[in-house]
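So the chains spell out like this:
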Amino acid sequence: MSLVRAETRRLFRRRLTSVLLIGVVLVLAAFAAGTFASNQKATPAQVAAAKQEAMRQYQQAAADAGVQKLRCQAAAPGSAEAADFPPNCADIYTPRPSEFDYAWFLPETFDLRHEFPEMIALFALLMAAAAYLIGATFVGAEWHSGAMMNLLLWRPQRLVVLGTKLGVFLGWLAGATVLLGAAWAGTFRLIAEFRGDTGGMTSGVWQSFGLMGLRGLGLVLAAGAIGFALASLGRHTGMALGALIGLTAVQIGVYVLAGFSGLQFPEAYLVPLWGYVWLYQREVLEDWSCDGVTTGGGCMPETFTMTWQMAGVGSAVVLAVVVGAAMWAMRVRDVN
Amino acid sequence: MTPVLEISGLRKTYRSRKGARNALDGFDMVVEAGQVHGFLGPNGSGKTTTLRTLLGLIQPDGGHMTLLGREVPRHLPEVAGRVGAIVESPQFFGRFTAETTLSLLADAGGVDRGRVPEVLDLVGLRDRAKEKVKTYSLGMKQRLAVASALLKKPTLLILDEPANGLDPGGIREMRTLMRDLSASGMTVLLSSHILAEIQLICDSVTIISAGRRITAGSVAEVLARHDSGAVRVRLEPDTDQEEAARILREAGAQVTVETAGQLTVRDVTGPAQITRLLAQREIYLCELTPIAADLEDVFLELTGTTPVEGHHRQVDENALAASQDGWGR
Ligand SMILES: Nc1ncnc2c1ncn2[C@@H]1O[C@H](COP(=O)(O)OP(=O)(O)OP(=O)(O)O)[C@@H](O)[C@H]1O
Ligand SMILES: [Mg+2]
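Residues numbered from 1 in each chain as written. Chains lettered and ligands numbered in written order. Predicted model: local features only at pLDDT ≥ 70, side-chain atom pairs only at ≥ 80, totals over all residues. Heavy atoms only, no water.

As for the overall build of chain B
Inference 1: Helix and strand counts for chain B stand at eleven helices and 14 strands.
Inference 2: For the C-alpha atoms alone, the extent of chain B along its principal axes is close to 80 × 45 × 40 Å.
Inference 3: The buried share of chain B, taken over its 329 residues, is 50%.
Inference 4: For chain B, the proportion of contacts with a sequence separation of at least 24, taken over those separated by at least 6, is 66%.
Inference 5: Per element, the accessible surface of chain B, about 15,500 Å² overall, is 48% carbon and sulfur.
Inference 6: Averaging the locations of the 38 positively and 42 negatively charged side chains of chain B gives two centres separated by 10 Å. (Helix = DSSP H or I, 4+ residues; strand = E, 2+ residues; numbered from the N terminus. Buried < 20%, exposed > 50% of the residue type's maximum accessible area, 1.4 Å probe, protein only. Contact = heavy atoms within 4.5 Å. Areas by Shrake-Rupley, 256 points an atom, 1.4 Å probe, with all protein chains shown as cover. Lys, Arg positive; Asp, Glu negative; His and termini not counted. Charge placed at Lys NZ, Arg CZ, Asp CG, Glu CD.)

A look at the packing of aromatic side chains
Residue and element names in this part refer to chain A.
Inference 1: Taken as a whole, this structure holds 16 aromatic pairs over all chains when the rule is applied.
Inference 2: With centroids separated by 5.7 Å and ring planes inclined at 65 degrees, the aromatic side chains of W278 and W308 adopt a geometry described as edge-to-face. Of this pair, W278 sits in helix α9 (residues 271–280) while W308 sits in helix α10 (residues 308–332); the two residues are 30 residues apart in sequence, bridging distant segments of the chain.
Inference 3: Counting every residue linked through ring pairs, the aromatic cluster contains F31, F110, F116, F123, W184, F188, W206 and F209.
Inference 4: For R195, the ring lying beneath its charged end belongs to F36, and the centroid distance is 4.3 Å. (Phe/Tyr/Trp six-rings, centres within 6.5 Å; stacked < 30°, edge-to-face > 60°. Lys NZ or Arg CZ within 6 Å of the ring centre and 35° of its normal.)

Let's talk about the domain arrangement of chain B
Inference 1: Considered domain by domain, chain B is made up of domain 1 (3–225) and domain 2 (231–290).
Inference 2: On a C-alpha basis, the centroid separation for the pair domain 1 of chain B and domain 2 of chain B is 47 Å. (Domains from an automatic or database assignment.)

Things to note about the coordination of the magnesium ion (ligand 2)
Inference 1: Binding of the magnesium ion (ligand 2) to the protein goes through T48 of chain B (OG1) and E88 of chain B (OE), at separations of 1.9 Å. Here the residue T48 of chain B occupies a position in helix α1 (residues 47–54), and E88 of chain B occupies one in the loop between β6 (83–86) and α3 (98–109), the gap between them amounting to 40 residues. (Donors = N, O, S within 2.8 Å, 3.2 Å for Na, K, Ca; no water.)

What about the UniProt feature "transmembrane region" (unreviewed entry) in chain A?
Inference 1: Following the UniProt record, the feature "transmembrane region" (unreviewed entry) maps to residues 119–139, 159–185, 205–231, 243–265 and 310–330 of chain A here.
Inference 2: The annotated region residues 119–139 of chain A carries 100% helix and 0% strand content, and the separation between its end C-alpha atoms amounts to 30 Å. (UniProt positions renumbered as here; feature names shortened; annotations may be inferred.)

Describing the environment of G199 of chain A
Inference 1: Looking at where G199 of chain A falls in the secondary structure, it is placed in the loop between β2 (196–197) and α7 (203–234).
Inference 2: The spacing of G199 of chain A and E267 of chain A is 68 residues in sequence and 36 Å in space, taken between C-alpha atoms.

Observations concerning empty space enclosed by the protein
Inference 1: One pass over the structure, following the stated rule, counts four cavities of 30 Å³ or more.
Inference 2: Space inside the largest cavity adds up to approximately 110 Å³.
Inference 3: Around the largest cavity, the lining residues are R10, E142, A147, N150 and L151 of chain A together with F92, F93, F96, T101, L104 and L105 of chain B.
Inference 4: Every element with two or more residues in the lining of the largest cavity is listed here: α5 (147–154) of chain A together with α3 of chain B.
Inference 5: Its volume calculated, the second largest cavity comes out at about 80 Å³.
Inference 6: What lines the second largest cavity is simply P162, A163, I171, M174, R175, M178, L190, S192, E197, I198 and I201 of chain B.
Inference 7: At four residues, the largest contribution of residues to the lining of the second largest cavity is made by helix α6 (residues 168–183) of chain B.
Inference 8: Here the residues of the lining of the second largest cavity are counted per class, giving eight nonpolar, one polar and two charged. (1 Å grid on protein atoms, 1.4 Å probe; cavity = no way out; pocket = protein on both sides within 12 Å on 5 of 7 lines; lining within 4 Å. Points joined across faces, edges and corners; volume = space filled by probe spheres on them. Nonpolar A, V, L, I, M, F, W, Y, C, P; charged D, E, K, R; others polar.)

Quick look at the UniProt feature "domain: ABC transporter" (unreviewed entry) in chain B
Inference 1: UniProt records the feature "domain: ABC transporter" (unreviewed entry) for residues 5–235 of chain B in the present numbering.
Inference 2: With 32% helix and 31% strand, the stretch residues 5–235 of chain B has end C-alpha atoms that lie 51 Å from each other.

Focus on the pattern of salt bridges
Inference 1: Within the structure shown, the criterion is met by 27 salt bridges over all chains.
Inference 2: When the shortest N-O distance is used, the salt bridge between E7 of chain A and K165 of chain A registers 2.8 Å. With E7 of chain A in helix α1 (residues 2–13) and K165 of chain A in helix α6 (residues 158–195), the pair connects residues that are 158 residues apart, well separated along the chain. We note that E7 of chain A, like K165 of chain A, is buried.
Inference 3: Of the charged contacts, one joins E131 of chain B and R128 of chain B as a salt bridge, the two residues approaching to 3.0 Å between their closest N and O atoms.
Inference 4: Via salt bridges that share partners, R5 and R9 of chain A together with D107 and R113 of chain B belong to a single interconnected network. (Salt bridge = Lys/Arg side-chain N within 4 Å of Asp/Glu carboxyl O.)

Examining α6 of chain B
An α-helical segment advances 3.6 residues per turn. Residues three or four places apart therefore align on the same side.
Residues and elements named next belong to chain B.
Inference 1: The end-to-end C-alpha distance of α6, which contains 16 residues, comes to 23 Å, matching closely the 22 Å that a straight helix rising 1.5 Å per residue would cover.
Inference 2: Taken together, the buried positions of α6 are G170, I171, M174, R175, L177, M178, L181 and S182. Summarising the axial view, the buried residues of α6 lie within an arc of 165 degrees, below the 170-degree limit, and thus occupy one face. Turned more than 90 degrees away from the buried face of α6 sit P168, R172 and A183, all of them exposed.
Inference 3: Looking at the packing, one finds that the buried side of α6 touches β3 (36–40), α4 (115–122), α5 (138–150), β7 (156–160), β8 (187–191) and α7 (195–201).
Inference 4: Where α6 terminates, the next one or two residues include G185, which has phi positive at roughly 105 degrees. (Expected span 1.5 Å × (residues − 1). Arc of directions from axis to C-beta.)

What about a positive patch on the surface?
Inference 1: Together, R15 of chain A together with R95, K132 and K134 of chain B make up a region of like positive charge exposed at the surface.
Inference 2: Given a relative accessible area of 53%, R15 of chain A falls into the exposed group. (Patch = residues over 30% accessible without salt bridge, like charges linked within 9 Å, V, L, I, M, F, W, Y side chains within 5 Å.)

Let's talk about a negative patch on the surface
Inference 1: Among the surface-exposed residues, D294, E296, D297 and E301 of chain B lie close enough to one another that they form a single negatively charged patch.
Inference 2: The topology assignment puts D294 of chain B in the loop between β14 (285–290) and α11 (295–303).

Observations concerning the site of ligand 1
Inference 1: Near ligand 1, the surroundings consist of 15 residues, among which G44, K47, T48, T49 and H193 of chain B are the closest.
Inference 2: Around ligand 1, the neighbouring residues derive from chains A and B rather than from a single chain.
Inference 3: When isolated, ligand 1 has an accessible area of 630 Å², and the protein chains bury 72% of it.
Inference 4: Breaking the shell around ligand 1 down by element, the ones donating at least two residues are β2 (19–32) and α1 of chain B.
Inference 5: In terms of residues, the shell around ligand 1 owes the most to one element, α1 of chain B, which gives three residues.
Inference 6: Residues that form the shell around ligand 1 fall into these classes: three nonpolar, eight polar and four charged. (Near = heavy atom within 4 Å.)

A short note on the interface of chain B and chain A
Inference 1: Facing 34 residues of chain B, the contacting portion of chain A comprises 29 residues.
Inference 2: Taking both sides of the interface into account, the surface hidden between chain B and chain A amounts to around 2,700 Å²; carbon and sulfur atoms contribute 58%.
Inference 3: Together, L57, F93 and A108 of chain B form the three largest contributors to the area buried by chain B at its contact with chain A, with a combined 22%.
Inference 4: In this structure, K12 of chain B and D334 of chain A form a salt bridge, with 2.7 Å as the shortest nitrogen-oxygen distance.
Inference 5: Our count for the chain B to chain A interface comes out at 13 residue pairs in polar contact (both at pLDDT 80 or more).
Inference 6: Listing elements by their share of the side of chain B that touches chain A, those giving two or more residues are β1 (3–16), α2 (76–79) and α3 of chain B. (Buried area = accessible area lost by both parts, 1.4 Å probe. Polar contact = N/O pair within 3.5 Å; in protein donor to acceptor, adjacent residues only side chain to side chain.)

Printed below as a string of structure tokens:
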């Protein structure tokens, strides 16, 4: 327990921890303020006016189509004029009222149900980036400064020391993420109340937001753990940052190689896509090479649906390998 | 007396792309309870490697070690709380204050944080305790390191070059501190290159060279064992010193003629024989002094690191080096 207390104190004594957390809060606040300022609540009069405008535009379009049809029917077959129209005048496009959404004619308004998922993703990505950095410096600076060696003189159980550090960091990270996430959701609920629309918010929708939030939390924790593990492996914060650059290069390499070697969906090997799929539950990858699969001259792409479960398993393997390597190195390495 | 620290046959080979280096090559050491034990050796002889291995920071390739009666590294966690140590100018996280640094260690080791001001006062950092460590001078960092080692009230204190960077006053304070600690029953293992210091404060020493123990024992024993037995002889003025030298040489002694009227005589059975031999030929002495070796002489002789004029000795040149290669053995 004493080690947990020491590591907690150490984590919060680090200036970078507070600087990054405050930075994240400021960016989030700025974003929320921007959303608040650029949206407004539609008044009944504005809604009525927008509906009227939509109706007017529909009628205009329908009238135009009618005129075209008449001209088509009037044109003598084979004449120069007839060449401008399709052979069958009924094929001329006729607009429908549903194609004219009155929302287009309303001022910007925040639709909680449709726009909040994007906000969850934004929050998760921002927190994940901060977590990666905090995790990396928390252990990286420790190694680099020699403080880790001192600590090991006090507590020679290496795995306990590194594991406690990681556990304490992830515990507080989870706490902070849940708290900030709740504040984030509350803020947008209020923004929707005052500057938008809370329509369609059934308990099912809230539940799906909650689940997406949980997956976001998973992403944040994984990013923190990987930053921590890489910095510990390299005994330097910079190692985690270098690894990021290295990984980008490897990713591009893997993508190119997968493409060359004829694998069908090379995008599926991009780890950032896994993060996206993990948050948004699924992504349909398409293969436009159309080897013979053509219907009536068009190309029907083959598709592959990547689900969040697949992305989750893939990421979990990466996470386990990196954290496992860090723990193993901690156990066997010479500390100089 | 029971040994608080025992090492036998310790081996450590550092491996790198350039090959392997035997830093420890069957090293032995014993430190008895209550002693101040000096750990001496030329640069690169394996002192720090020994201490790191003992403290579980690096893994040995062979050998047997016990600390406070427990086998390490296996049982190190059980004894770590009673072993205070600093290893070769330890570094601390620079952005924390001395106070924070020590209180974090105290927390981690389950020691009362209230002891922090006490040890900071002891090493003379009381008034600077609230400043960041990165603003400290070399000697101040070294003092902080000593404070960290003392924080757990250890039974065994292991200090690797604690005097490194200390000012003369600091060195003397360290000497007093060590005496006091030893008087209070603490065992101290001290590695240092300041041999006069070691000779003053240590009860016993171990000398290491090229990863092997070359001598060990109480300071008096080591000095006596390596006493050259040389004697300085001063003759009465106007005596024929060449004649005196010849007489002694005939008796099997090794004689060097120094300045006027002065000889250095080695390999005689004793001062009495010199007086007798010379007196028989009516040569009389006005002074006869045994030349006492000090620790530095013994150290230089044993480790083969006595400077030779016109030669720049390289770090791996020493008494044992002749039989060894460096990298790539
Ligand atoms: N991390 C390492 N990798 C490779 N070789 C090392 C390493 N650490 C030490 N050595 C080598 O091991 C040998 C012993 O080094 P060690 O640091 O134990 O010497 P030392 O007795 O403490 O010397 P000094 O008096 O200079 O502090 C040296 O030859 C050194 O070059
Ligand atoms: Mg050393």
